[in-house]
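Residue-level listing of the chains:
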Amino acid sequence: MIEGTLVDLVPFEDDFATYLETWMNEEAWFRAHLWERREPHTEHDVKKFIERMEKDERGALIGFQAKSGDPIGALIFDHEWPRVRKAEARFFAGDSRYEGCDEVLDALLMLVRYCFETRNLHRLDAVALPFDEAKLDHLRRAGFVHEGTLRRHIRWDGDYVDMEMFGLLESEWPGYAAKVAELGLQPSGLEPKPKPEKKDEKKDGTG
Amino acid sequence: MLEGLLVDLVPYGKAFQDLDHRWMNSEASFWSSGGERHFMSEAMVAARHAQWAEERERTGGGSGVGFGVQTKDGKPLGYFGINWLAPAHRLAMLGAKIGEPEYWGGGYGTDALLLLLDYTFDWLDVRKAWLMTTSMNARVMRQMEKVGFRLEVRQRQSALADGVWYDWLAYGLLRDEWAGRATLVEQLGLRERAAALGSGAK
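Conventions we followed
- Residues numbered from 1 in each chain as written.
- Chains lettered and ligands numbered in written order.
- Predicted model: local features only at pLDDT ≥ 70, side-chain atom pairs only at ≥ 80, totals over all residues.
- Heavy atoms only, no water.
- Helix = DSSP H or I, 4+ residues; strand = E, 2+ residues; numbered from the N terminus.
- Rg over C-alpha atoms; globule rule 2.2 N^0.38 Å.
- Buried < 20%, exposed > 50% of the residue type's maximum accessible area, 1.4 Å probe, protein only.
- Areas by Shrake-Rupley, 256 points an atom, 1.4 Å probe, with all protein chains shown as cover.
- Lys, Arg positive; Asp, Glu negative; His and termini not counted.
- Charge placed at Lys NZ, Arg CZ, Asp CG, Glu CD.
- Phe/Tyr/Trp six-rings, centres within 6.5 Å; stacked < 30°, edge-to-face > 60°.
- Lys NZ or Arg CZ within 6 Å of the ring centre and 35° of its normal.
- Contact = heavy atoms within 4.5 Å.
- Buried area = accessible area lost by both parts, 1.4 Å probe.
- Salt bridge = Lys/Arg side-chain N within 4 Å of Asp/Glu carboxyl O.
- Polar contact = N/O pair within 3.5 Å; in protein donor to acceptor, adjacent residues only side chain to side chain.
- Nonpolar A, V, L, I, M, F, W, Y, C, P; charged D, E, K, R; others polar.
- Arc of directions from axis to C-beta.
- Core = buried A, V, L, I, M, F, W, Y, C linked by side-chain atoms within 4.5 Å.
- Axes fitted to C-alpha atoms, helices over the stretch in contact; angles between N-to-C directions.
- Parallel < 35°, antiparallel > 145°, perpendicular 65-115°, else oblique.
- Left-handed = near helix turned anticlockwise from the far one by under 90°.

Draft legend 1. Region of interest: the overall build of chain B. Helices and strands together make up the secondary structure of chain B, namely 7 helices and 8 strands. In terms of overall size, chain B behaves like a compact globule, its C-alpha atoms giving a radius of gyration of 17 Å where 202 residues would be expected to give roughly 17 Å. By principal-axis analysis of the C-alpha atoms, chain B measures approximately 45 × 40 × 35 Å. Within chain B, buried positions represent 50% of all 202 residues. When the accessible surface of chain B is totalled, it reaches about 9400 Å², and 53% of it is carbon and sulfur. Computed over 23 positive and 25 negative side-chain charges, the separation of the two mean positions in chain B equals 3 Å.

Set out below in structure tokens:
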């Protein structure tokens, strides 16, 4: 675990894996995976995705949770390129109540901190849809610089839409503590969700 | 085969694969990869070919379309192709490498690019073609502007070449911005270039 200001980063297991069966079929997931064809994900797909990320030497899947232990969403760094020390940063709030809240921004700051201060990366890439106000706001507040627009690049809900491209250099990162002090993060005060039912506690004999 | 004025695009067969070992370890790869210096043995190159063949067989064509580029008299020059085709978005990411440096800057790559764009838009019904190059590659940047691509993204300090940071640049061309091969052949003087070289012209 790495402790942040409003959230903690934890291994992606237990309740996170259960929640992901829902999260991987919701809007926040697809907005974090713009290239992928939008299609339903079964429990098997979710299990395979987690297994793939666990084996991925160029990326990682990390859970982030509120200080109460309530799982909020996932951080993904992916396509790490060791020679130029860069990677792609993705994040999403699986629990949609937290969308736009400072808990998600803190998670993004913690991902940047991990990539620059632990993994010694030089640069992070990020992408957002032009109408994804919450994500754009988080990226800008975290210090990501808008580097251009891939025009009418992907199909999205009946139209061809732009992709807004961002980058953050290690030399532009003031450090986690300084960034948190600058932003004045505020907790949302949301109540924790009830914990999900464990698969092996089901009474239908399939567990 | 796609017939151009200076070059033809043909299957990337054995004649090309046999040259890949030299091309992969050459300056051509340094430029096309954004600063990578490969040390690839013949066995490594053969393994890569086997991997591509296996992927094509497994997926019924792979995720892209590759062509060999050759002169009108059949000399292999390099690769041009769609490295990644995304049918759901009708989007094609292009890639290229002219392995023989004496053919850089002579219009061969531009002729190959026009053939590839024609194929991409007119045969595959792609809506947008895009590609990436680095800010150290002035030759490709000029080529992009000549053909009508627009610079869309500049990813700062994302390429490292011989100890110097460069930017990766994303260029895009929408189908409704594509002037068409015939128009560009005339605008860019490729017919005159082919006539001067005595190449067969289409």
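Draft legend 2. Here's a closer look at the packing of aromatic side chains. If you walk through the whole model with that rule in mind, you get 17 aromatic pairs over all chains. Arranged with centres 6.5 Å apart and planes meeting at 55°, the rings of Phe116 of chain A and Trp173 of chain A form a pair that is tilted. Here Trp173 of chain A lies in the loop between strand 8 (159-169) and helix 6 (176-183) and Phe116 of chain A lies in helix 4 (residues 102-118), a separation of 57 residues in the sequence. Residue class for Phe116 of chain A comes out buried when judged on its relative accessible area of 4%. Of the residues examined, Trp173 of chain A reaches a relative accessible area of 10% and is grouped as buried. A network of ring pairs unites the aromatic residues Phe12, Phe16, Tyr19, Trp23, Trp29, Phe49 and Phe92 of chain A as a single cluster. Positioned above the aromatic ring of Tyr160 of chain A is the side chain of Arg127 of chain B, whose terminal nitrogen or guanidinium carbon lies 3.6 Å from the ring centre.

Draft legend 3. Examining the interface of chain A and chain B more closely. At the junction of the two partners, chain A supplies 26 residues and chain B supplies 30 residues. Of the roughly 2400 Å² buried at the junction of chain A and chain B (both faces included), carbon and sulfur atoms supply 48%. Our enumeration of links across chain A and chain B arrives at 6 salt bridges. Taking the shortest distance from any N to any O, the salt bridge between Glu172 of chain A and Arg156 of chain B comes out at 2.4 Å. Counting across the interface, chain A meets chain B through 21 residue pairs in polar contact (both at pLDDT 80 or more). Where the side of chain A that touches chain B is concerned, the elements lending two or more residues are strand 6 (123-128), strand 7 (145-156) and strand 8 of chain A. Per-element accounting of the side of chain A that touches chain B gives the leading share, 10 residues, to strand 7 of chain A. Its residues assigned to classes, the side of chain A that touches chain B shows 11 nonpolar, 5 polar and 10 charged.

Draft legend 4. Examining helix 1 (residues 15-23) of chain A more closely. Residues and elements named next belong to chain A. Buried residues of helix 1: Asp15, Phe16, Tyr19, Leu20 and Trp23, and no others. Along the axis of helix 1, the buried positions cluster into a sector of 135°, meaning they face one direction only. The elements touched by buried residues of helix 1 are strand 2 (7-11), helix 2 (27-32), helix 3 (43-55), strand 3 (60-66), strand 4 (71-81) and strand 5 (86-93).

Draft legend 5. Inspection of unusual backbone geometry at higher detail. Residues and elements named next belong to chain A. The backbone of Arg85 shows a phi angle near 50°, a positive value even though the residue is not glycine. With respect to the helices, strands and loops of the structure, Arg85 is situated in the loop between strand 4 and strand 5. A positive phi angle, near 50°, is found at Asp157, a position not held by glycine. Relative to the helices and strands, Asp157 is located in the loop between strand 7 and strand 8. Exposure remark for Asp157: the relative accessible area of 78% places this residue in the exposed category.

Draft legend 6. Region of interest: the side chain of Thr120 of chain B. Tracing the sequence through the fold places Thr120 of chain B in helix 4 (residues 108-122). Those residues in contact with Thr120 of chain B, other than ones at most four positions away along the chain, are Ile82, Ala92, Leu94, Asp125 and Val126 of chain B.

Draft legend 7. Representation of the nonpolar core in the model. One finds Phe64, Leu75, Leu109, Val112, Leu124, Leu139 and Phe144 of chain A to be the most contacted residues of the largest nonpolar core, which totals 41 residues. One finds Leu5, Leu9, Ile82 and Tyr119 of chain B within the second-largest nonpolar core, a separate group that totals 38 residues.

Draft legend 8. Representation of the pattern of salt bridges within the structure. Applying the stated criterion across every chain, the model contains 41 salt bridges over all chains. Linking Asp78 of chain A and Arg90 of chain A is a salt bridge whose minimum nitrogen-to-oxygen distance equals 3.5 Å. One end of the pair, Asp78 of chain A, is in strand 4; the other, Arg90 of chain A, is in strand 5, with 12 residues separating them in the sequence. Note on accessibility: Asp78 of chain A and Arg90 of chain A belong to one class, buried. Here Asp125 of chain B and Arg90 of chain B are joined by a salt bridge, their closest N and O atoms 3.2 Å apart. One end of the pair, Asp125 of chain B, is in the loop between helix 4 and strand 6 (128-134); the other, Arg90 of chain B, is in the loop between strand 4 (76-86) and strand 5 (91-98), with 35 residues separating them in the sequence. By sharing partners, the salt bridges in this structure join Lys86, Arg123, Asp125, Glu147 and Glu172 of chain A together with Arg156 of chain B into a single network.

Draft legend 9. Region of the structure containing the packing of helix 4 of chain A against helix 6 of chain A. Residue and element names in this part refer to chain A. Following both chains from N to C, one finds helix 4 and helix 6 inclined at 160°, their axes separated by 10 Å at the closest point. What the angle tells us is that helix 4 and helix 6 run roughly antiparallel. Between helix 4 and helix 6 the crossing geometry is right-handed. From helix 4, Leu105, Asp106, Leu109, Met110, Arg113 and Glu117 reach across to helix 6, where they touch Tyr176, Lys179, Val180 and Leu183. Tallied by class, the residues present in the contact of helix 4 with helix 6 amount to 6 nonpolar, no polar and 4 charged.

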